[in-house]
Amino acid sequence: MAEGLKEQQPAQEAEKEVRSITQARVVYEQLMDEIRGYCQQARQLREQEAELQRSGRTDFQVREEIQQL
């Protein structure tokens, strides 16, 4: 009986480790999705800034919009 328990322990610990790795992978993927979203938002803001600068408008409102970006 005791020998059967000794054999189960490594299997249980391996299963725990696999679950832990799986959970870490899920968290990693969520963070990567969030980072990709921020990168996309930054690209869009840079494009808006460039478009405002290309428009050639020099009024105060455009300068204020560029500074906010």
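Just so you know, these numbers come straight off a predicted model, no measurement behind them. (Residues numbered from 1 in each chain as written. Predicted model: local features only at pLDDT ≥ 70, side-chain atom pairs only at ≥ 80, totals over all residues. Heavy atoms only, no water.)

Draft legend 1. The overall build of the protein, seen in detail. Broken down by element type, the protein carries two helices and zero strands. A burial count over the protein gives 4% of its 69 residues as buried. Accessible surface, the protein: about 6500 Å² in total, of which carbon and sulfur atoms supply 52%. (Helix = DSSP H or I, 4+ residues; strand = E, 2+ residues; numbered from the N terminus. Buried < 20%, exposed > 50% of the residue type's maximum accessible area, 1.4 Å probe, protein only. Areas by Shrake-Rupley, 256 points an atom, 1.4 Å probe, with all protein chains shown as cover.)

Draft legend 2. Focus on a nonpolar patch on the surface. Nonpolar side chains collect at one region of the surface, where V27, L31 and I35 lie side by side and expose about 250 Å² of accessible area between them. The topology assignment puts L31 in helix α1 (residues 2-54). Exposure remark for L31: the relative accessible area of 46% places this residue in the partly exposed category. (Patch = residues over 30% accessible without salt bridge, like charges linked within 9 Å, V, L, I, M, F, W, Y side chains within 5 Å. Salt bridge = Lys/Arg side-chain N within 4 Å of Asp/Glu carboxyl O.)

Draft legend 3. Layout of the pattern of salt bridges. The final tally for this structure, using the stated rule, is three salt bridges. Two residues, R19 and E15, come together in a salt bridge whose shortest N-O distance is 2.9 Å. You can see R19 and its partner E15 sitting in helix α1, four residues apart, about one turn around the helix. Judged by relative accessible area, R19 falls into the partly exposed class, the value being 44%. Of the charged contacts in the structure, one is a salt bridge between E29 and R25, with a shortest N-O distance of 3.2 Å. Separated by four residues within a single helix, E29 and R25 lie in helix α1, roughly one turn from each other. On the basis of relative accessible area, E29 is assigned to the partly exposed category, the value being 30%.

The values are spatial; any link to function lies outside them.
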